[in-house]
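This is what each chain is made of:
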Amino acid sequence: MLLELLLERLKAALRVKGNWAVYAAYDPAPFAKREESFLTVGITALETEQAFSDETYWYFPFSAAAQVRLLTAPETDAQVLYDRYWQTVVSGMLSAGCTVQKIRTGAPTEWKQFRKIALEGSFTLSGVFQIAKKEVLAP
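These lines cover the structure that appears in this document, whether it is placed above or below.

### Quick notes on helix H2 (residues 78–94)
Inference 1: With 17 residues, H2 should cover 24 Å at 1.5 Å per step; its first-to-last C-alpha distance of 23 Å lies within 8% of that length.
Inference 2: Taking the largest bend as the criterion, H2 deviates by roughly 30°, centred on Trp 86.
Inference 3: Regarding H2, the residues found buried are Leu 81, Tyr 85, Thr 88, Val 89, Val 90, Gly 92 and Met 93.
Inference 4: Residues of H2 that are buried sit in contact with helix H1 (2–18), strand S2 (38–48), strand S4 (57–72), strand S5 (99–105) and strand S7 (116–132).
Inference 5: Sitting at the head of H2, Asp 77 places a side-chain oxygen 3.1 Å from the backbone nitrogen of Gln 79.

Now the structure itself:
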């Protein structure tokens, strides 16, 4: 439940900032049917701490690691690729309602089998989920 909430929150924030198609990292949609440029996001680790509550809500403190990949045409200039990543992905992740503690990006890699170039970054996040008690108790 928390994993799905976090993934949906990150995908929504990335869509708003970049107006890009955003897929879960494990989405089975074929690459050939996707847009020329798109993002994938995956949660690589999720850790929750002791939940606490008030009359209406449960609160779940968490820390997580997420991986966001920008895939685009292989002829895209590396500088353009980095600019797009920092303008859309990093700003989207910073607006997702979590505290971003660490950002790490790598070098662009070519995915010849999909005719794409990819720039991948990893993010360490933390925050608190607020879930209505009635949602937790719903069947």
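Past the structure itself, the notes keep going.
### Points about the pairing of strand S1 (residues 21–24)
Inference 1: A two-sided burial pattern is seen for S1, the buried positions comprising Ala 21 and Tyr 23 on one face and Val 22 and Ala 24 on the other.
Inference 2: Pairing analysis gives four bridges linking S1 to S2, with the strands arranged parallel. The residue bridging Ala 24 from the neighbouring strand is Val 41, located in S2.

### Here's the deal with H1
Inference 1: With 17 residues, H1 ought to run about 24 Å at 1.5 Å a step, and its terminal C-alpha atoms sit 24 Å apart, in line with that.
Inference 2: Residues Leu 2, Leu 6, Leu 7, Leu 10, Lys 11, Ala 13, Leu 14 and Gly 18 constitute the buried set of H1. Take H1 and look down its axis: the buried residues cluster within an arc of 165°, on one side only. Residues of H1 that are exposed and point over 90 degrees away from its buried face: Glu 4 and Val 16.

### Structural notes on the side chain of Lys 11
Inference 1: Mapped onto the fold, Lys 11 is located in helix H1.
Inference 2: When residues no more than four places from it in sequence are discounted, the contact partners of Lys 11 are Val 22, Ala 24 and Val 41.

### Structural notes on the packing of H1 against H2
Inference 1: Relative orientation of the contacting elements H1 and H2 amounts to 135°, with a least axis distance of 8 Å. Here H1 lies oblique to H2, going by the angle between them. Every pair of crossing elements has a handedness; the one defined by H1 and H2 is right-handed. Where H1 abuts H2, its residues Leu 10, Ala 13, Leu 14, Lys 17 and Gly 18 lie against Thr 88, Val 89, Ser 91, Gly 92 and Met 93.
Inference 2: Of the residues belonging to the contact of H1 with H2, the class tally is five nonpolar, four polar and one charged.

### Side note on the packing of aromatic side chains
Inference 1: Going through the model one piece at a time under the given rule, you end up with nine aromatic pairs.
Inference 2: On the basis of an interplanar angle of 50° and a centroid distance of 6.3 Å, the ring pair of Tyr 57 and Tyr 59 is categorised as tilted.
Inference 3: For Tyr 57, a relative accessible area of 28% puts it in the partly exposed group.
Inference 4: Note on Trp 58 and Phe 60: the rings are 6.4 Å apart at their centroids and 35° apart in plane angle, and the pair reads as tilted.
Inference 5: Judged by its relative accessible area of 30%, Trp 58 falls in the partly exposed class.
Inference 6: On the basis of relative accessibility, which here comes to 19%, the residue Phe 60 falls in the buried class.
Inference 7: Following the ring pairs from residue to residue traces out a cluster consisting of Tyr 23, Phe 31, Phe 38, Trp 111 and Phe 114.
Inference 8: Across the ring face of Tyr 23, the terminal group of Arg 34 is positioned such that the distance to the ring centre comes to 4.1 Å.
Inference 9: Sitting over the face of the ring of Trp 58, Lys 133 holds its NZ or CZ atom 5.6 Å from the ring centroid.

Rules behind the numbers
Residues numbered from 1 in each chain as written. Predicted model: local features only at pLDDT ≥ 70, side-chain atom pairs only at ≥ 80, totals over all residues. Heavy atoms only, no water. Helix = DSSP H or I, 4+ residues; strand = E, 2+ residues; numbered from the N terminus. Expected span 1.5 Å × (residues − 1). Bend = angle between axes of the 7 residues up to and from the residue. Buried < 20%, exposed > 50% of the residue type's maximum accessible area, 1.4 Å probe, protein only. Contact = heavy atoms within 4.5 Å. Polar contact = N/O pair within 3.5 Å; in protein donor to acceptor, adjacent residues only side chain to side chain. Pairing = 2+ DSSP bridges. Arc of directions from axis to C-beta. Axes fitted to C-alpha atoms, helices over the stretch in contact; angles between N-to-C directions. Parallel < 35°, antiparallel > 145°, perpendicular 65-115°, else oblique. Left-handed = near helix turned anticlockwise from the far one by under 90°. Nonpolar A, V, L, I, M, F, W, Y, C, P; charged D, E, K, R; others polar. Phe/Tyr/Trp six-rings, centres within 6.5 Å; stacked < 30°, edge-to-face > 60°. Lys NZ or Arg CZ within 6 Å of the ring centre and 35° of its normal.

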